[in-house]
Amino acid sequence: MLKFRPMKLASPPRLSWTRALANAITDPQELIALLRLDPHIAAETQQALKLFPLKVTRSFVARMEPGDPTDPLLRQVLPINAELESHSDFQTDPLNEKHANKLPGLLHKYHGRVLLLVTGACGINCRFCFRRNFAYSENNPGQIGWEEVFAYLAADPTIEEVIFSGGDPLLAPDNHLQFLHDHISQIKHIRRLRIHSRMPIVLPERIDQNLLKWLASSRLDVILVTHCNHANEIDQHVAHAMHALKAINVTLLNQTVLLHGVNDTATDLINLSKALFKIGILPYYLHMLDKVAGCAHFAVNEADAKQLACQLAKRLPGYLVPKLVKEVAGYPAKVPIVIEPI
Ligand code: SF4
C-alpha cells in the first residue's frame, strides 16, 4: 500500500488544470505568508524576480514544510540574491542550443531524435532552469512554421523519435498537442513520441481524460519523462496521474537534476528513487546542472556527484539507480559520467 508524507498545508481544492494553473502563486509575499516564513525574506526576492518571475502551483506549495526556509521544494522556486552573482563559466546559453535550432520550434541536436519546442511556458518556474534565458519569442512557428517542421521531419528518415519539449509541453492545450501529434504520426519512420514534462508532478490535474484519450489512441510508442527532484514532490495526486498513464501503456521515466541544497545527499536520492518506483516510474537520468547564468549556487561538483552515484549503486538495486550524465554543448547525446568503485 502506498504511503505518502502528510500534507502540511491544507490541500487546495481540486480544479481543472487550466483553472489551477491560473491560480498559481506569482507573488513572493503571498508564498512567504502561506508558508509562515519571516516576511523579510520577501525583500530578498525582488532583484532576482526581475531576472525570472516566480511561478508555483498551489498544490506544489502544499507539499512544502511551513516555517522551513530551507525546504527542498521551496528552494527550487524562491528567487534569491545569489542568482545575481556572475560566474565566468555560467552563461546564458551554456548548451549552445542556438546552433541546433534548425527551424523555429525545432532543435536537432541528438542523433535520431528531434525536440519540438511546443511552448515557452511552464507550470512552475524552476530557478535552475537551463532554458531560463532561451529565445522563446523566436521559436513560435505558427501554422506555416509547423508545416516546415513536419516537412523537415519527413525528409530525414533517421529521425525515429520526436520529443515534445519546451518550456513544458503539457502547458499547451490538447488540441495543439493533438495537431502536432497527428501530423507527426503520419510520418512512417517516426516510431516514438517522448514528452518531457514537470506538469504531472507540479500539476497532476493535467493528466485528465482528454489527454489520456488522445495518448491512448496514438500509433506511436509514448514515453513520458517526468522531472521530479525530491521525494517530497510525490503525493497521492501524482500517484493517481501515473497510474492512469500506466493503464494506457505509457512508459514512465524520470529525470532529476542534481541540485545543491535540494537533493545532494545519498538519502535524498535513494528516497527519491524508491518513491518514484512506488508510483510506477523508473529513475532514468541524474543530470548534472547545466551551467546557466544565475544558477551557480545550485551546482554540485563532479567529484561529489560521482561519490553520490557510487553510494546509490551500492545501496539500490540496479534498476533504481539513475544514470549520472551531463550535457556537453555540440555533443549528439548525453555524456555518461563514469564512476570508479570507492
Ligand atoms: S519545468 Fe523545466 S523548462 Fe520549465 S522552468 Fe522548470 S526546468 Fe525549466
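Here the structure is a predicted model, which means the values were calculated and not measured.

Visitor: Can you help me understand the site of the ligand in this one?
Guide: Surveying the vicinity of the ligand reveals the residues Cys122, Ile124, Cys126, Cys129, Gly167 and Arg198. Judged by the fraction of its atoms near the pocket grid, the ligand is located in the largest pocket. Tallied by class, the residues present in the shell around the ligand amount to four nonpolar, one polar and one charged.

Visitor: Teacher, can you tell me more about a nonpolar patch on the surface here?
Guide: Taken together, the side chains of Phe277, Leu282 and Tyr319 make up a nonpolar region of the molecular surface, amounting to roughly 300 Å² of accessible area. Tracing the backbone through its elements, the reader meets Tyr319 in the loop between α13 (302-315) and β8 (323-326). Classification of Tyr319 as partly exposed rests on a relative accessible area of 48%.

Visitor: How should I be thinking about the layout of surface pockets in this particular structure?
Guide: Think of a ball as big as a water molecule: rolled over the atoms, this probe shows where empty space is left. Approximately 820 Å³ is the volume attributed to the largest pocket. Lining the largest pocket are 42 residues, and of these Phe130, Arg131, His196, His227 and Gln255 lie nearest its centre. Elements supplying a minimum of two residues to the lining of the largest pocket: β1 (106-110), β2 (113-119), β3 (161-166), β4 (192-197), β6 (251-257), β7 (282-287) and β8. For the lining of the largest pocket, the class distribution of residues is 20 nonpolar, eleven polar and eleven charged.

Visitor: Would you take a moment to explain the environment of Phe150 for this structure?
Guide: In this fold, Phe150 is placed in helix α7 (residues 142-155). Placed 103 residues apart in sequence, Phe150 and Gln47 show a C-alpha to C-alpha distance of 41 Å. In contact with Phe150, other than residues within four places in its own chain, are Phe179, Leu180, His183, Ile184 and Ile187.

Visitor: Sorry if this is basic, but what is going on with the pattern of salt bridges here?
Guide: Under the defined criterion, the tally for this structure stands at 14 salt bridges. Arg206 is paired through a salt bridge with Asp208; the nearest N and O atoms lie 3.8 Å apart. Judged by relative accessible area, Arg206 falls into the buried class, the value being 0%. Given a relative accessible area of 21%, Asp208 falls into the partly exposed group. The network of salt bridges with common partners includes Glu160, Glu161, Arg191, Arg192 and Arg194.

Visitor: Could you clarify how one ought to interpret the side chain of Thr45 in this entry?
Guide: With respect to the secondary-structure elements, Thr45 resides in the loop between α2 (28-34) and α3 (46-51). Dropping the residues within four chain positions of it, Thr45 is found in contact with Pro28, Leu78 and Pro79.

Visitor: Would you explain the domain arrangement of the protein in this entry?
Guide: In many reports, interface size means the accessible area that the parts give up when they come together. Taken domain by domain, the protein consists of domain 1 (17-84) and domain 2 (97-336). Placing the centre of domain 1 and that of domain 2 at their C-alpha centroids yields a distance of 23 Å. Listed as interface residues are 25 residues of domain 1 and, on the opposing side, 34 residues of domain 2. Between domain 1 and domain 2 the total buried area reaches about 2500 Å² when both faces are included, carbon and sulfur atoms providing 57% of it. Scanning the region where domain 1 abuts domain 2 turns up two salt bridges. Among the salt bridges present, the one from Glu83 reaches Arg127, with a minimum N-O distance of 3.0 Å. For the pair domain 1 and domain 2, the interface holds 17 residue pairs in polar contact (both at pLDDT 80 or more). Mapped onto the side of domain 1 that touches domain 2, the elements with two or more residues apiece are α1 (17-22), α3, α4 (58-61) and α5 (72-75).

Visitor: Where do I start with the nonpolar core in this structure?
Guide: Across soluble globular proteins, nonpolar side chains have a tendency to be buried as a group. Ranked by size, the top nonpolar core spans 83 residues in total, and within it Leu31, Val56, Leu153, Phe164 and Ile184 carry the most contacts. Broken down by element, this core gets its largest block of residues, six residues, from helix α11 (residues 236-247). Both domains that furnish three or more residues to this core are identified here as domain 1 (17-84) and domain 2 (97-336). Counting 15 residues, the second-largest nonpolar core is a separate cluster that includes Ala266, Ala305, Ala309 and Leu324.

Visitor: Would you mind going over the packing of aromatic side chains with me for this structure?
Guide: Where two aromatic rings form a pair, the distance of their centres and the angle of their planes describe that pair. Counted according to the given criterion, the structure contains four aromatic pairs. Ring geometry for Tyr284 and Tyr285: centres 4.0 Å apart, planes at 20°, overall stacked. Taken individually, Tyr284 and Tyr285 each receive the classification buried, so the pair is uniform in this respect.

Visitor: Which parts of the structure should I look at to understand the pairing of β4?
Guide: Walk down a regular strand and you will see the side chains alternate between the two sheet faces. In terms of burial, β4 is largely enclosed, as five of its six residues are buried. Pairing between β3 and β4: four bridges, direction parallel. Looking across to β4, one finds that Phe164 is bridged to Ile195. Between the parallel pair β3 and β4, the chain is carried across by helix α8 (residues 174-185), and the sense of this crossover is right-handed. When β4 meets strand β5 (residues 221-227), the two strands line up parallel, connected through six bridges. If you follow Arg194 over to β5, its bridge partner there is Ile223.

Cut-offs and rules
Residue numbers here run from 1 along each chain, matching the order of that chain's written sequence. Confidence filtering applies because this is a predicted model: local features only for residues at pLDDT of at least 70, side-chain atom pairs given and counted only at 80 or more, and all residues used for totals across whole chains, interfaces and linings. Note: side-chain values were computed over all heavy atoms of the structure, leaving out hydrogens and water. For each residue, the test is whether any non-hydrogen atom lies within 4 Å of the molecule or strand; if one does, the residue is near. Think of a 1 Å grid over just the protein atoms. A cavity is a set of points where a 1.4 Å probe fits yet cannot get out, a pocket is an open set with protein on both sides within 12 Å along at least five of seven lines, and lining residues have an atom within 4 Å of a point. Cavities and pockets are treated as containing a molecule whenever more than half of the molecule's atoms lie within 2 Å of their grid points. Any residue that is not Ala, Val, Leu, Ile, Met, Phe, Trp, Tyr, Cys, Pro, Asp, Glu, Lys or Arg is counted as polar, Gly included; the first ten are nonpolar and the last four charged. A patch is a set of surface residues, each over 30% in relative accessible area and not in a salt bridge, joined within 9 Å for like charges and within 5 Å for the nonpolar side chains Val, Leu, Ile, Met, Phe, Trp and Tyr. Per-residue and other accessible areas were derived by the Shrake-Rupley procedure at a 1.4 Å probe size, with only the shown protein chains allowed to occlude residues. Within this document, salt bridges are pairs made up of a side-chain nitrogen of Lys or Arg and a carboxyl oxygen of Asp or Glu, the two lying within 4 Å of each other. Helix and strand definitions here come from DSSP, where helices need a minimum of 4 consecutive H or I residues and strands a minimum of 2 consecutive E residues; each element is numbered from the N-terminal end. Each residue's exposure class comes from its accessible area (1.4 Å probe, protein chains only) as a fraction of the maximum for that residue type: buried when under 20%, exposed when over 50%, partly exposed otherwise. Grid points are joined across faces, edges and corners, and a volume is the space filled by probe spheres set on the points. Residues count as neighbours in contact if any of their non-hydrogen atoms are within 4.5 Å of one another. Either an automatic procedure or a domain database provided the assignment from which the domain bounds are taken. The term buried area means the drop in 1.4 Å probe accessible area that two parts suffer when joined, counted for both and summed. As used in this structure description, the phrase polar contact means that two N or O atoms lie within 3.5 Å; if the pair is within protein, one of them must be able to donate a hydrogen and the other to accept it, and residues adjacent in sequence are counted only when both atoms belong to side chains. We call a set of buried Ala, Val, Leu, Ile, Met, Phe, Trp, Tyr and Cys residues a nonpolar core when their side-chain atoms join them within 4.5 Å. Think of it this way: a Phe, Tyr or Trp ring, Trp meaning its six-membered ring, pairs with another when their centres are within 6.5 Å, and the plane angle makes it stacked under 30 degrees, edge-to-face over 60, tilted otherwise. A strand pair is defined by DSSP finding two or more bridges across the two strands. Consider the strands pointing away from the viewer: the crossover is right-handed when the path from the first strand over the helix to the second runs clockwise.

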